[in-house]
Amino acid sequence: MKTHFEQEILQLKRLITTQTAMVESAVRKTHHAMERHERTLAMEVIDGDDEIDETEVRIEEECLKVLALHQPVAGDLRYIVTLLKVNTELERIGDLGVNIAERVLHMLSLHADMKRLDITDMFMAVLQALKNSLDAFLGRDCFLAAQVIAADDSIDSQHRDNFHRILQMLKENAGEAETLLDFLNISRNLERIADSCTNIGEDVLYLEQGKIVRHCRGFN
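Everything quoted here is computed from the prediction, not taken from an experiment.

Draft legend 1. View of the pattern of salt bridges. According to the stated counting rule, one finds 10 salt bridges in the structure shown. Among the salt bridges present, the one from Lys 85 reaches Asp 203, with a minimum N-O distance of 3.4 Å. Here Lys 85 is found in helix H3 (residues 74-109), whereas its partner Asp 203 is found in helix H6 (residues 177-209), with 118 residues between them in sequence. Among the salt bridges present, the one from Arg 92 reaches Glu 89, with a minimum N-O distance of 2.9 Å. Here Arg 92 pairs with Glu 89, and both are found in helix H3, just 3 residues apart, close to one helical turn.

In structure tokens, the structure reads:
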């Protein structure tokens, strides 16, 4: 028979699994909204953010309750601490998805050329990083977590390239400023999602190895 503590941990695992699915779905919807010019999908991301926020608060409250009532130690304590940190990153990713959805809606309202700047490769790289980071956390997979961390430099580079391309395009055609700034905003938010994925990867390494590798990529 499971103890009360074990039951609460199982409930936390169910909640965080639900949260990961909602957040990943939201970011994928922003990509589809942009690719397919679908206002409805962008609105679904914005409207769904309240549920992500509410789940984030519930998970935090449950974690704090477990810490107060059971005072876990060693691996159990690391798991709760990691879950709290990942929970915060997931809520942040949800907010960044909303930011992208809002820019997509703005571009649609302008009847802008959504292909004016091709950021498909960056979007796909970020979606892969998100999937890998969530799989690494749920599966407690250090190898996959390390892959997420290693991929971050490439996504940063893509964002820098987008910035320089947009700057040049603005110089050549100031009349496209609104659309180009929307693209820049989307690129920036994608880069921030990748940063949160990297943080989750680092949290997985902390969970499994007890190593704090944030701000230091020289881990083994």
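Moving on from the coordinates now.
Draft legend 2. Region of interest: helix H4 (residues 120-139). In this model H4 runs 28 Å from its N-terminal to its C-terminal C-alpha over 20 residues, within 8% of the 28 Å that 1.5 Å per residue would give. Three or more residues of H4 are buried, namely Met 122, Phe 123, Val 126, Leu 127, Ala 129, Leu 130, Asn 132, Ser 133, Leu 134, Ala 136 and Phe 137. Here the buried face of H4 lies against helix H1 (4-36), H3, helix H5 (142-172) and H6. Following H4 by one or two positions, Arg 140 adopts a phi angle in the positive range, close to 50 degrees.

Draft legend 3. Fine view of the side chain of Ser 133. Mapped onto the elements, Ser 133 comes out in helix H4. A relative accessible area of 0% places Ser 133 in the buried class. In this structure, Ser 133 is in contact with Val 148, Cys 197 and Ile 200, ignoring residues within four places of it in sequence.

Draft legend 4. View of unusual backbone geometry. The phi dihedral of His 37 is positive, around 60 degrees, even though this residue is not glycine. Looking at the element boundaries, His 37 is found in the loop between H1 and helix H2 (39-70). Residues other than glycine seldom take positive phi values, yet Arg 140 does so here, at roughly 50 degrees.

Draft legend 5. Spotlight on the packing of aromatic side chains. Applying the stated criterion to the full structure yields 0 aromatic pairs. Directly above the ring of Tyr 79 sits Lys 13, whose terminal nitrogen or CZ lies 5.6 Å from the centroid. Positioned over the ring face of Tyr 206 is Lys 85, at 5.1 Å from the centre of the ring.

About the thresholds
- Residues numbered from 1 in each chain as written.
- Predicted model: local features only at pLDDT ≥ 70, side-chain atom pairs only at ≥ 80, totals over all residues.
- Heavy atoms only, no water.
- Salt bridge = Lys/Arg side-chain N within 4 Å of Asp/Glu carboxyl O.
- Helix = DSSP H or I, 4+ residues; strand = E, 2+ residues; numbered from the N terminus.
- Expected span 1.5 Å × (residues − 1).
- Buried < 20%, exposed > 50% of the residue type's maximum accessible area, 1.4 Å probe, protein only.
- Contact = heavy atoms within 4.5 Å.
- Phe/Tyr/Trp six-rings, centres within 6.5 Å; stacked < 30°, edge-to-face > 60°.
- Lys NZ or Arg CZ within 6 Å of the ring centre and 35° of its normal.

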